[in-house]
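Spelled out from the first residue to the last, the chains are:
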Amino acid sequence: MRQRVISAIFFVIVMLGGIFGGATTFFLLFLIITAGALWEFTGLMFRPEGNYLAFRRVVGTVLGCLPYLIVKFSYVVNALPDGSASLNGLFIPNLSHFLGSMLAIVLVMLVFILFIVELFLESRQPFVNLGQYVLGIVYLGVPFALLISISYSNDQYMPLRVLGLLVLTWANDTFAYLIGSQIGKTKFFPRISPNKTWEGTLGGMVCTFLVTGLFSLWLPVFTFPQWMAIAAVVAVFGTIGDLVESMLKRSMGVKDSGSIMPGHGGFLDRFDSFIFVLPFAWLAI
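Residue indices follow the written sequence of each chain, beginning from 1 at its first position. A pLDDT threshold of at least 70 governs which residues receive local features in this predicted model, and a stricter bar of 80 or more applies before side-chain atom pairs are shown or counted, although totals over entire chains, interfaces and linings include all residues. Only heavy atoms go into the side-chain values, all of them from the structure, while hydrogens and water stay out.

## Considerations on the side chain of Thr-212
Just so we agree on the cut-off: Under the DSSP-based scheme used, a helix requires at least four consecutive residues in state H or I and a strand at least two consecutive residues in state E, with every element numbered from the N terminus. Contacts are assigned to residue pairs with any non-hydrogen atoms lying within 4.5 Å of each other.
You can see Thr-212 is positioned in helix 7 (residues 198-218). Contact partners of Thr-212, with chain neighbours within four places excluded, come to Leu-168, Trp-227, Met-228 and Ala-231.

## Side note on the confidence of the model for the chain
This is how the line gets drawn: A residue's pLDDT is the predictor's confidence in that residue, given on a scale from 0 to 100.
Counting all residues, the mean pLDDT for the chain is 87, and 89% of those residues have values of 70 or more. In the predicted structure, residues 83-92 sits below a pLDDT of 50 and forms 15 contacts with residues beyond four places in sequence or in another chain.

## Looking at the packing of helix 5 (residues 126-151) against helix 9 (residues 267-284)
Rule in force here: Here, axes are lines fitted to C-alpha atoms. For helices the fit covers the stretch in contact, and angles between N-to-C directions go from 0 to 180 degrees. What sets the label is the angle itself: under 35 degrees gives roughly parallel, over 145 gives roughly antiparallel, 65 to 115 gives roughly perpendicular, and the rest give oblique. Note on convention: near helix rotated counterclockwise from far helix by under a right angle means a left-handed crossing. Clockwise means right-handed. Charged means Asp, Glu, Lys or Arg here, nonpolar means Ala, Val, Leu, Ile, Met, Phe, Trp, Tyr, Cys or Pro, and polar covers whatever is left, Gly included.
In the contact formed by helix 5 and helix 9, the axes pass within 8 Å of each other and the chain directions differ by 60°. By the criterion of interaxial angle, the relationship of helix 5 to helix 9 is oblique. Two packed elements cross with a definite hand, and for helix 5 against helix 9 that hand is left-handed. When helix 5 is examined against helix 9, the residues Tyr-139, Leu-140, Pro-143, Phe-144, Leu-146, Leu-147, Ser-149 and Ile-150 are found in contact with a partner set consisting of Leu-268, Phe-274, Ile-275, Phe-276, Leu-278, Pro-279, Ala-281 and Trp-282. When the residues that make up the contact of helix 5 with helix 9 are grouped by side-chain class, the tally is 15 nonpolar, one polar and no charged.

## Digging into the packing of aromatic side chains
Defined as follows: Within 6.5 Å between ring centres, the rings of Phe, Tyr and Trp (the latter by its six-membered ring) count as paired, and their orientation is classed by plane angle as stacked under 30 degrees, edge-to-face over 60, tilted in between. The classification of residues rests on relative accessible area computed with a 1.4 Å probe and restricted to protein chains. Under 20% of the type maximum is buried, over 50% is exposed, and intermediate values are partly exposed.
Under the criterion given, the structure shown has 20 aromatic pairs. When the ring of Tyr-152 is compared with that of Tyr-157, the centres are 6.1 Å apart and the planes differ by 55°; the resulting orientation is tilted. In this pair, the class of Tyr-152 matches that of Tyr-157, namely buried. Pairwise contacts between aromatic rings join Phe-11, Phe-26, Phe-30, Phe-144, Tyr-152, Tyr-157, Trp-170, Phe-271 and Phe-274 into one cluster.

## Description of helix 9
Selection rule: Expected helix span is computed as 1.5 Å times (number of residues minus one). Note on bend: the value at a residue is the angle between axes fitted to the seven residues ending there and to the seven starting there.
For helix 9, built from 18 residues, the straight-helix expectation of 26 Å at 1.5 Å per residue is met to within 8% by its first-to-last C-alpha distance of 25 Å. Within helix 9, the axis deviates most sharply at Ser-273, by approximately 40°. Among the residues of helix 9, Phe-267, Leu-268, Asp-269, Phe-271, Asp-272, Ser-273, Phe-274, Ile-275, Val-277, Leu-278 and Ala-281 are the ones counted as buried.

## Considerations on the packing of helix 8 (residues 224-252) against helix 9
Where helix 8 meets helix 9, the closest approach of the two axes is 7 Å, and the angle between their N-to-C directions is 140°. The orientation of helix 8 relative to helix 9 falls into the category oblique. Crossing hand, helix 8 versus helix 9: right-handed. On helix 9, the residues touching Ala-229, Val-233, Val-234, Phe-237, Gly-238, Ile-240, Gly-241, Asp-242, Val-244, Glu-245, Leu-248 and Lys-249 of helix 8 are Leu-268, Asp-269, Asp-272, Ser-273, Phe-276, Val-277, Phe-280, Ala-281 and Ala-284. Of the residues assigned to the contact of helix 8 with helix 9, the class counts are 13 nonpolar, three polar and five charged.

Spelled out as structure tokens, the structure:
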């Protein structure tokens, strides 16, 4: 228990420092989180393959981080004094969009190059491996890339947006656990998560809306309708995200995705709900 508390305190300090340290520290913090989650994910997914496991984990992690890097790069370029450029006489009025498109094309080409690589790796399931690379990009790389978009408003980094989204996600998880452990009786999804109950899940949802109501008064970084839409997204998709990661771990026969935080598991264990919330929160905003 003492180890869990110390780990949690250290985790909170790192998160707050990264978020409020500025746009650069925020970028580096979530780059580490993205890479860590991808490293754990690829370790789980490619473990049955066995062959060239380290190589596959490195490739999967790098590919998965590319959407995050592409979006960040587009914001950096967009912040330059002149957003246009001329390349070999071709005038490009929006350099950030042009370079972002080029980098996205590079990402697609790298995936196709992996088709060629699989020809020479003597894999028993080459197309399953290719699918797992793409799954890592979609499941982890794209959501964290969208977090960068959420964190900016009018090209200005807004740390309270990130903090609000994180706190609501953790509030949903925490209140669902506390209420479920006290009054929970009706199993919610026993096949995947035997300890989850309807009482805890609904209690977490109600508390999420209450916390969101307070946030809408104290943190005017979103409009009230946006806050309520985010609360709905967190209440529904945060719960689903936790179940999806539990499904992943059960299918692989492991208790935790990693051990980066003693007593708390790995990156995926800490951010499973948040990852699933991000695409839908981006749409809501």
